[in-house]
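As a plain string of letters, each chain reads:
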Amino acid sequence: MRRLLRGFDMDLGTKLFQKYWHMVCHRNELPNDGDFLRFKTPIGDVVIFNDGGDYVAFDNRCAHRGTLIYLTDFGNQANTCKYHGWTFKSGKLIIPSVEQFKGCDIAKADLRRYRLDWCGDFLFLGVAPEKDLYAQLDGVAQYIENISFNISGRVDVSAYEYECAWPLALENALEPYHIGMVHPGTLATLKLEDGVNTFHGANSVWQAPVGDVRIKKQLGRLGSFFNIDYAYEGYMSIFMFPFTMISSTFGYSYSVQNFFPHKTRNDRTNFMSRLLTCNVKDEHAQKIVQPFFESSAKVNRMVFEEDHSICKIMPTDSWSSEPLEFISEQEVKIAHFRDLCRAG
Ligand code: FES
Ligand SMILES: [Fe+2]
């Protein structure tokens, strides 16, 4: 049954999840055999797994009787079901006492797999995507590729449920109008200028200079410790419709955030943020920038909690895909987002 709340189609999240590609990880986040990342999505848990150097995306359920295989958000673990030991390795299932599966076509047993494709060193998940990945990404593909070749690994993962509807969580991430009120001690200290929005198909890029002169100088000086060939020297946030943002200040680290619709509740969002770090010059530089990465992870977590605290007080039926009646110039991306949601 379809439930409508002021134009909030409960199937919209699932539809968008299936028809678009979603950025799920960077090559250097899962470097070893057995490394995995688990996402909570509107179609259930999806796991990205390093299978001896090949990347596999699958429904986190055993092909035998549906037991969950991975129980944490990330880590390193063999792909073995705890119930009867079915194991996925080197692209196929190894089944204990396989000779006893007589009355069935056991050769057909496999994980339920999803599609994966690369943009540079970023991996994207597709369930039933309507377009090629590059056609979907349009003009942001170039940014994503350039960023990807500068990333060395991951230093933080934070995953939890936002207590609000997914379009509200996303719209909050799409406008800087709230920064002064909601992030006075964190993001607002950068004194970001108005900046420029550019639109690329369903996606967009916001680039805003850092207005605080002292912070800008401090950030600029850190550049000598990095070995990067691409950066925007200010705050940049790229939105990949429908559910993913990637943002950075000066291109030393990137925060990737997925806001996936909840499987069963329209007033919950599966939020995951990961902090990816960029190539540093050498070991000495690594020691110097390590505290910077740690404080970035801490501040990012605070910023997301601040966002969550405001999203929590927005009732689900505050959202509709209709255009906002009162809209500021800083909220133009919300208009774009709603246009796309109306198109489904
Ligand atoms: S349910 Fe997984 S091995 Fe049986
Ligand atoms: Fe915010």
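Look up a bit, the structure's there.
This section reports on the structure supplied with the text. This one's a predicted model, so the numbers in the text were calculated from it and none came from an experiment.

Counted as a void, the largest pocket has a volume near 790 Å³. Along its surface, the largest pocket is lined by 38 residues, and L187, L190, Y235, T249 and N300 are the ones closest to its centre. Those elements that provide at least two residues to the lining of the largest pocket are α4 (166-173), α6 (213-222), β15 (235-240), β16 (244-249), β17 (253-261) and α7 (283-311). Considering each element in turn, the lining of the largest pocket owes the most residues, 8 residues, to α7. Split into classes, the residues belonging to the lining of the largest pocket amount to 19 nonpolar, 16 polar and 3 charged. As a volume, the second largest pocket reaches approximately 300 Å³. In this structure, the second largest pocket is lined by 14 residues; those nearest its centre are N172, E175, M314, E331 and I334. When contributions to the lining of the second largest pocket are tallied by element, the ones reaching two or more residues are α4, α7 and α8 (332-343). Top element by residues in the lining of the second largest pocket is α4. It accounts for 3 residues.

Time to look at the sheet that holds strand β14 (residues 203-208). The sheet built from 7 strands is open, its strands ordered β12-β18-β17-β16-β15-β14-β13 with antiparallel pairing. In the strand order of this sheet, the two ends are held by β12 (151-162) and β13 (196-200), each with one partner. Neighbour to neighbour, the strand axes of the sheet diverge by 15° on average, direction disregarded. Relative to β16, β15 runs antiparallel, the two being bridged by 6 bridges. Opposite Y235, over in β16, you have T249 as the bridge partner. Strands β12, β15, β16, β17 and β18 (269-278) of the sheet are contacted by α4, whose axis makes an angle of about 155° with β17. Across the face of the sheet, α7 comes into contact with β12, β17 and β18 while running at roughly 25° to β12.

What describes two packed helices is the angle between their axes and the distance between those same axes. Packing of α4 against α7 leaves a shortest axis separation of 10 Å and a crossing angle of 130°. The orientation of α4 with respect to α7, classified from their angle, is oblique. The handedness of the crossing between α4 and α7 comes out as right-handed. Residues L168, A169 and N172 of α4 form the contact with α7, whose own contacting residues are D307, I310 and C311. Of the residues that constitute the contact of α4 with α7, the class distribution is 4 nonpolar, 1 polar and 1 charged.

Attention shifts here to the side chain of N50. Mapped onto the elements of the fold, N50 is located in strand β5 (residues 44-51). A polar contact of 3.3 Å, which involves the side chain of N50, links it to the backbone oxygen of N32. A polar contact of 2.7 Å, which involves the side chain of N50, links it to the backbone nitrogen of G53. In this view, N50 contacts L30, P31, N32, D33, G34, D35 and Y55; residues no more than four positions away in its chain are not counted.

Rules and cut-offs
Residues numbered from 1 in each chain as written. Chains lettered and ligands numbered in written order. Predicted model: local features only at pLDDT ≥ 70, side-chain atom pairs only at ≥ 80, totals over all residues. Heavy atoms only, no water. 1 Å grid on protein atoms, 1.4 Å probe; cavity = no way out; pocket = protein on both sides within 12 Å on 5 of 7 lines; lining within 4 Å. Points joined across faces, edges and corners; volume = space filled by probe spheres on them. Helix = DSSP H or I, 4+ residues; strand = E, 2+ residues; numbered from the N terminus. Nonpolar A, V, L, I, M, F, W, Y, C, P; charged D, E, K, R; others polar. Pairing = 2+ DSSP bridges. Axes fitted to C-alpha atoms, helices over the stretch in contact; angles between N-to-C directions. Contact = heavy atoms within 4.5 Å. Parallel < 35°, antiparallel > 145°, perpendicular 65-115°, else oblique. Left-handed = near helix turned anticlockwise from the far one by under 90°. Polar contact = N/O pair within 3.5 Å; in protein donor to acceptor, adjacent residues only side chain to side chain.

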